[in-house]
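Structural overview for review
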Amino acid sequence: MMLWAAPLMLFALNKAPNFLTGKIANDERVVFFPTAATQINETHWNIPIHGWIFEPEIDSVKRKALIKALGKMFQLKDTETKSILRQRLMPFAVDNQSLQYVRITIVKSGQQLIHRLPRSAKDGHFFGNLTMPIEVEDLQDGKLHYKAIDSERYFPGRVHIIPPTGVSIISDIDDTVKITNYLNKKEFYKNTFIRDFKAVPGMKDVFLKCRSQYDNCTFHFVSASPYQLFEELSSFFEAEGFPLATYHLKRIRVKDKTLLQLFADPFEYKIGQIERILHKYPQRKFILIGDSGEKDPEVYVELCKRYPEQIEKIWIRNVNDADASRMDGVDEAKWRYFSTGSDLMKEIKR
């Protein structure tokens, strides 16, 4: 009887759910979102980890039905646009894995450190906070890299190690650095789901010039887009040559009321997201970049009133002939409207 016990137990452990073992199943994926670290003292840093664990459900009947319905709505005929639609919709139709934990490895001073992260929520998202000393040799281009423990696949993540002083660029995404045409809902959905993403002309050069001109310059994308679009957005910006950034997007779950947050007024959401960044880095200076299509001018005016010493500049891409009244309350020397990145190049100076 005992001879059978060992192999049976081994088989059971191999098949045991993540809840018990922390093993990422073969049909699961883990995506890590870039985060920003803060310095605690001369040697130690707070390292936030944010990830998402899910089953892609590639053969899901619901997913296929959704793609078919949207294909008809957009009158799609060519295989290329259908392929883009499938790729963009896939993250919205996954099976989020709750109550699971992920283990990560970080290489520090030549040693491999293992950390177990807290269990995931209903939407598959999980968060961890590590405290550790950081040495220059631990970093690659100012980032601390890590990966999930998995024997065959590679699930990487990164944390931006942000010094207490310097300049941070906080930017919206849609119609600010990526052409979306939010004000035309038909075009908005097509640009989001069935067309190749396109950058606003000149904005990559603006970001690169900021990085070269400002000390300790870092970048943060704050958007009302959902995390389901993160991989597509991140791949697009990296392919375009934008500097790497942290991402602060909306958490939604298609199966519950959080889906309605996609259509909520972005004012309070963006105020909250940006304030958290401002509070984390009270000694840094900030440049806020947005567009006039929604509430970015009002959000940035309010933030400038609350944090006048931290916010140095506000740049708004004017997409609907907005007038200067939307920036009432902000010193004229602090803000400007623009159409393309070339309009801002002269604004970037030490």
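See the structure shown above.
Residues numbered from 1 in each chain as written. Predicted model: local features only at pLDDT ≥ 70, side-chain atom pairs only at ≥ 80, totals over all residues. Heavy atoms only, no water.

Observations regarding the side chain of Gln-97
Quick note on the threshold: Here a helix means four or more residues in a row that DSSP labels H or I, a strand means two or more in a row labelled E, and each is numbered from the N terminus. Only protein chains enter the accessibility calculation, which uses a 1.4 Å probe; a residue is then buried when its area is under 20% of its type maximum, exposed when over 50%, and partly exposed in between. Note on contacts: a residue pair is in contact if any heavy atoms of the two residues lie within 4.5 Å.
You can see Gln-97 is positioned in the loop between strand 4 (95–96) and strand 5 (103–108). With a relative accessible area of 10%, Gln-97 lands in the buried category. If near-sequence neighbours (up to four positions away) are discounted, Gln-97 is found in contact with Glu-28, Ile-53, Phe-54, Glu-55, Ser-120, Ala-121 and Gly-124.

Side note on the packing of aromatic side chains
Condition: Any Phe, Tyr or Trp ring, taking Trp's six-membered ring, that has another such ring centre within 6.5 Å forms a pair; planes under 30 degrees apart are called stacked, those over 60 apart edge-to-face, and the others tilted. Lysine NZ or arginine CZ positioned within 6 Å of the ring centre and within 35 degrees of the ring normal marks a charge as sitting over the ring.
With the rule as written, the count across this model stands at 18 aromatic pairs. When the ring of Phe-92 is compared with that of Phe-193, the centres are 6.1 Å apart and the planes differ by 65°; the resulting orientation is edge-to-face. Highlighted residues: Phe-92 in the loop between helix 4 (79–89) and strand 4 and Phe-193 in helix 5 (residues 185–193), separated in sequence by 101 residues. When sorted by exposure, Phe-92 lands in the same class as Phe-193, which is buried. A ring pair is formed by Tyr-182 and Phe-188, whose centres lie 5.2 Å apart and whose planes are at 75°; its orientation type is edge-to-face. Assessed through its relative accessible area of 16%, Phe-188 is described here as buried. Connected via pairs of aromatic rings, a cluster forms that spans Phe-33, Phe-197, Phe-207, Phe-219, Phe-221, Tyr-227, Phe-230, Phe-236, Phe-237, Phe-242 and Tyr-247. Its guanidinium or amino end placed over the ring of Phe-197, Lys-178 lies 4.5 Å from that ring's centre, counting from NZ or CZ. Above the ring of Tyr-182, the side-chain terminus of Lys-185 is found at 3.8 Å from the ring centroid.

Some words on unusual backbone geometry
At Asp-141, a position not held by glycine, the phi torsion is positive, near 55°. Examined against the element boundaries, Asp-141 turns out to sit in the loop between strand 7 (125–133) and strand 8 (143–148).

What to know about the sheet that holds strand 11 (residues 218–226)
As a general point, the strands of a sheet are linked pairwise by backbone hydrogen bonds and lie either parallel or antiparallel. As a reminder of what qualifies: Pairing between strands is defined by DSSP: at least two bridges between them are needed. Simply put, an axis is a line fit to the C-alpha atoms, just over the touching stretch for a helix, and the angle between two N-to-C directions goes from 0 to 180 degrees.
The parallel open sheet is built from six strands, whose spatial order is 12-11-10-13-14-15. Sheet topology places strand 12 (246–250) and strand 15 (335–338) at the edges, where each strand pairs with a single neighbour. Ignoring strand direction, the axes of neighbouring strands in this sheet form an average angle of 15°. Of the strands in this sheet, strand 10 (167–171), strand 11, strand 12 and strand 13 (285–291) are in contact with helix 8 (residues 266–280), which crosses strand 11 at around 155°.

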